[in-house]
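Okay, here's what each chain looks like letter by letter:
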Amino acid sequence: MNLRRDVFQAIADPTRRAILLLVAAQSMTAGAIASNFDTARPTVSKHLQILTECELLEQKQNGREIYYLINAKKMKDVADFIEPFRQLWDDRFNKLETIMKNYQSKK
Amino acid sequence: MELKTKIAAEDGKQYLVITREFDLPLELLFKAHVEPEIVEQWMGTKVLKLEGKKHGGWQFETTDAKGNVVFRANGVIHEFVPNQKITRTFEMENTPFPVQLEFLEFERLTDDTSKINIHIVYKSVAHRDQMLQLPFAQGLNMAHNRLQDTVSKLK
């Protein structure tokens, strides 16, 4: 699977997008991030792992703590990319196709 | 799997081209762009006005569950040739985005398949790029609102 797709799968999840927004404001430890969500701690850890693997988040050692911070360059790559725009039109056109197929068979 | 809907947006150009092939006869593809009740279904917006003729106008509106208007757009139709082309302007109301010009071309491939080609021209490269990023930004915004809801429940 290519990396670009991984990034979009990463940001397709609402919890992961919320994590990105949190960390965008300030770098945080996994514990501090998890305290913002009702989700179980291991689930948040899994989200952090995915975000780190596709390089949207970076880890920084600070004493005994690991802080997560946004990889601004990678985020910009994603923001520049037109995939969500394409997806929007693809969804619309898929609907159009389904509607008109039904329309056709009713006639 | 091959992507069905393609977007060509060259760097530094103030236009983009959307293409898509349909498993539908040309007449049905065109009809889906002209009949208000069909447009409403696939665009997910209410059609206030849609005059399929030269010098005609159109207006779409989307409201949320509480009845607040969240999106309203309008434009005029410059060219209208059934089963061939629609040339129209597009303006989002109450936003800083300038008017854009859209050339829709409909093409017959076989008896049962057809193709649409939408060429959209923006006022500037920057305006095009902003428009392209809008769905991404909205995705983030929605996540942000949910986050705020969650956070305010905690307080």
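Residues numbered from 1 in each chain as written. Chains lettered and ligands numbered in written order. Predicted model: local features only at pLDDT ≥ 70, side-chain atom pairs only at ≥ 80, totals over all residues. Heavy atoms only, no water.

Residue and element names in this part refer to chain A. The three strands lie next to each other as β1-β3-β2, forming an open sheet whose pairing is antiparallel. Strand pairing shows two members of the sheet lacking a second neighbour, β1 (28-29) and β2 (57-62), which therefore form its edges. Relative to strand β3 (residues 65-70), β1 runs antiparallel, the two sharing two bridges. Opposite M28, over in β3, you have Y68 as the bridge partner. Packed onto the sheet, helix α2 (residues 14-25) meets β1, β2 and β3 and runs at close to 100° relative to β3. Each of β2 and β3 is contacted by helix α4 (residues 41-53), which is oriented at about 105° to β2, the strand it contacts most. (Pairing = 2+ DSSP bridges. Helix = DSSP H or I, 4+ residues; strand = E, 2+ residues; numbered from the N terminus. Contact = heavy atoms within 4.5 Å. Axes fitted to C-alpha atoms, helices over the stretch in contact; angles between N-to-C directions.)

This part takes up the pattern of salt bridges. Using the criterion set out here, one finds 11 salt bridges over all chains in the structure. When the shortest N-O distance is used, the salt bridge between E97 of chain A and K4 of chain B registers 3.2 Å. Taken together, the positions of E97 of chain A in helix α6 (residues 83-106) and K4 of chain B in the segment before β1 (5-8) put the pair across two chains. Overall, the relative accessible area of 7% leaves E97 of chain A in the buried class. Classification of K4 of chain B as partly exposed rests on a relative accessible area of 41%. E97 of chain A serves as the salt-bridge partner of R20 of chain B, at 3.2 Å between the closest nitrogen and oxygen. Within this pair, whereas R20 of chain B is found in strand β2 (residues 15-22), its partner E97 of chain A is found in helix α6, the two belonging to separate chains. The network of salt bridges with common partners includes D90 and E97 of chain A together with K4 and R20 of chain B. (Salt bridge = Lys/Arg side-chain N within 4 Å of Asp/Glu carboxyl O. Buried < 20%, exposed > 50% of the residue type's maximum accessible area, 1.4 Å probe, protein only.)

Now for the interface of chain A and chain B. Contacts between chain A and chain B engage 31 residues on the former and 38 residues on the latter. A combined buried area of about 3400 Å² lies between chain A and chain B, and 72% of that area is made up of carbon and sulfur atoms. It is F85, R86 and F93 of chain A in chain A that bury the most area against chain B; as a group they hold 19% of the surface buried on that side. Viewed at the interface, chain B and chain A are joined by four salt bridges. In this structure, R20 of chain B and D90 of chain A form a salt bridge, with 3.0 Å as the shortest nitrogen-oxygen distance. (Buried area = accessible area lost by both parts, 1.4 Å probe.)

Scanning the entire structure with this criterion turns up seven aromatic pairs over all chains. Positioned above the aromatic ring of W89 of chain A, the side-chain terminus of R92 of chain A is 4.6 Å from the ring centre. Here R88 of chain B stacks its cationic end above the ring of W58 of chain B, 5.8 Å away from the centre of that ring. (Phe/Tyr/Trp six-rings, centres within 6.5 Å; stacked < 30°, edge-to-face > 60°. Lys NZ or Arg CZ within 6 Å of the ring centre and 35° of its normal.)

The eight strands are arranged β1-β2-β8-β7-β6-β5-β4-β3 (chain B) in an open sheet whose pairing can be described as antiparallel. Where the open sheet ends on each side, the last strands, each with one partner, are β1 and β3 (46-50) of chain B. Across the sheet, the axes of successive neighbouring strands diverge by a mean angle of 20°, strand direction being ignored. Together, β1, β2 and β8 (114-121) of chain B form the strand contacts of α6 of chain A, whose direction differs from that of β2 of chain B by roughly 30°. Strands in contact with helix α2 (residues 36-43) of chain B are β3 and β4 (57-63) of chain B; relative to β3 of chain B, the strand with the most contacts, it is inclined by about 140°.

Even without being glycine, E55 of chain A reaches a positive phi, approximately 65°. Looking at the element boundaries, E55 of chain A is found in the loop between α4 and β2. Residue N83 of chain B is not a glycine yet carries a positive backbone phi of 65°. For N83 of chain B, the location among the structural elements is in the loop between β5 (69-81) and β6 (85-92).

Right, let's talk about the side chain of N71 of chain A for a bit. All names here are of chain A. Inspection of the secondary structure assignment puts N71 in the loop between β3 and α5 (72-80). Owing to a relative accessible area of 16%, N71 belongs among the buried residues under this scheme. Here E55 takes part through its backbone oxygen, which lies 3.0 Å from a polar atom of the side chain of N71. Those residues in contact with N71 that lie beyond four places of it in its chain are E55, L56, L57 and E58. (Polar contact = N/O pair within 3.5 Å; in protein donor to acceptor, adjacent residues only side chain to side chain.)

So far we have only geometry, and geometry alone does not tell us how the molecule works.
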